[in-house]
Amino acid sequence: MPHSLDRIDHRILSLLQQDCSRTNLALAEAVGLSPPACLKRVKRLVAEGYVARQVAILAPEKLGQWLHVVVEVQMERDRKDLYERFLARVRAARAVKQCYQVTGESDFVLIVVVPDMDAYDRFCDEVLYADDNVRKFRSMVSRFRNKFDTSLDL
């Protein structure tokens, strides 16, 4: 069972969100713990699932051109088995970077990242048009990514 988080745990998580490559020594100094005590807390936070993954966030603008597409999806029928089938297809699609099941007119919002419009067309064919329960979808191609932040306010 997960422990309740104290202010030091919150501080460790906040600092790890900013830069998870920081050394344990630097992290311990920043939160006012000994290195062994800090490492023990970090290991506990990871083991209890507070840290889902440790990744490098790449700069897409340095790696060539990428299209970021926000896709609103409306389903034909509102059935759990059909939603699960759609979600399995979405989870398997490498182009889908985020998927949200939402309220309102749309049932899902997808964030799709592809190198070009041809790749987006293939994605539409393989994922959206291939599902007979997709009633319609709307694509919004991002012109600029003005803000991107993965952190949670703790």
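Our subject is the structure that appears above.
Summary of the structure given here.

## Re the overall build of the protein chain
- The helix and strand inventory of the protein chain stands at five helices and four strands.
- The order of helices and strands in the protein chain, counted from the N terminus, is α-α-α-β-α-β-β-α-β.
- Here the C-alpha radius of gyration of the protein chain, 20 Å, is well above what a compact globule of 154 residues would show, namely 15 Å.
- Seen through its principal axes, the protein chain has C-alpha atoms that stretch 55 × 40 × 25 Å.
- In the protein chain, 62% of the contacts between residues at least 6 apart in sequence involve partners at least 24 apart.
- Accessible surface, the protein chain: about 10,900 Å² in total, of which carbon and sulfur atoms supply 51%.
- With 24 positive and 22 negative side-chain charges, the protein chain shows a spacing of 5 Å between the two charge centroids.

## Let's talk about the packing of helix α1 (residues 7-18) against helix α3 (residues 35-47)
- Where α1 meets α3, the axes come as close as 11 Å, and the angle between the chain directions of the two elements is 80°. For the element pair α1 / α3, the angle class is roughly perpendicular. Every residue of α3 that contacts α1 at Ile8, Asp9, Ile12, Leu13 and Leu16 is listed here: Cys38, Arg41, Val42, Arg44 and Leu45.
- For the contact of α1 with α3, the per-class residue count stands at seven nonpolar, no polar and three charged.

## Some thoughts on the environment of Ala37
- Tracing the backbone shows Ala37 in helix α3.
- According to the relative accessible area criterion, Ala37 is partly exposed, its value standing at 31%.
- Note: C-alpha distance between Ala37 and Ser4 (33 residues apart in sequence) is 17 Å.

## Side note on the side chain of Arg41
- Within the secondary structure, Arg41 is located in helix α3.
- A polar atom in the side chain of Arg41 sits 2.9 Å from the side chain of Asp9.
- When near neighbours in sequence (up to four residues on either side) are disregarded, Arg41 contacts Asp6, Ile8, Asp9, Ile12 and Leu33.

Conventions adopted
Residues numbered from 1 in each chain as written. Predicted model: local features only at pLDDT ≥ 70, side-chain atom pairs only at ≥ 80, totals over all residues. Heavy atoms only, no water. Helix = DSSP H or I, 4+ residues; strand = E, 2+ residues; numbered from the N terminus. Rg over C-alpha atoms; globule rule 2.2 N^0.38 Å. Contact = heavy atoms within 4.5 Å. Areas by Shrake-Rupley, 256 points an atom, 1.4 Å probe, with all protein chains shown as cover. Lys, Arg positive; Asp, Glu negative; His and termini not counted. Charge placed at Lys NZ, Arg CZ, Asp CG, Glu CD. Axes fitted to C-alpha atoms, helices over the stretch in contact; angles between N-to-C directions. Parallel < 35°, antiparallel > 145°, perpendicular 65-115°, else oblique. Nonpolar A, V, L, I, M, F, W, Y, C, P; charged D, E, K, R; others polar. Buried < 20%, exposed > 50% of the residue type's maximum accessible area, 1.4 Å probe, protein only. Polar contact = N/O pair within 3.5 Å; in protein donor to acceptor, adjacent residues only side chain to side chain.

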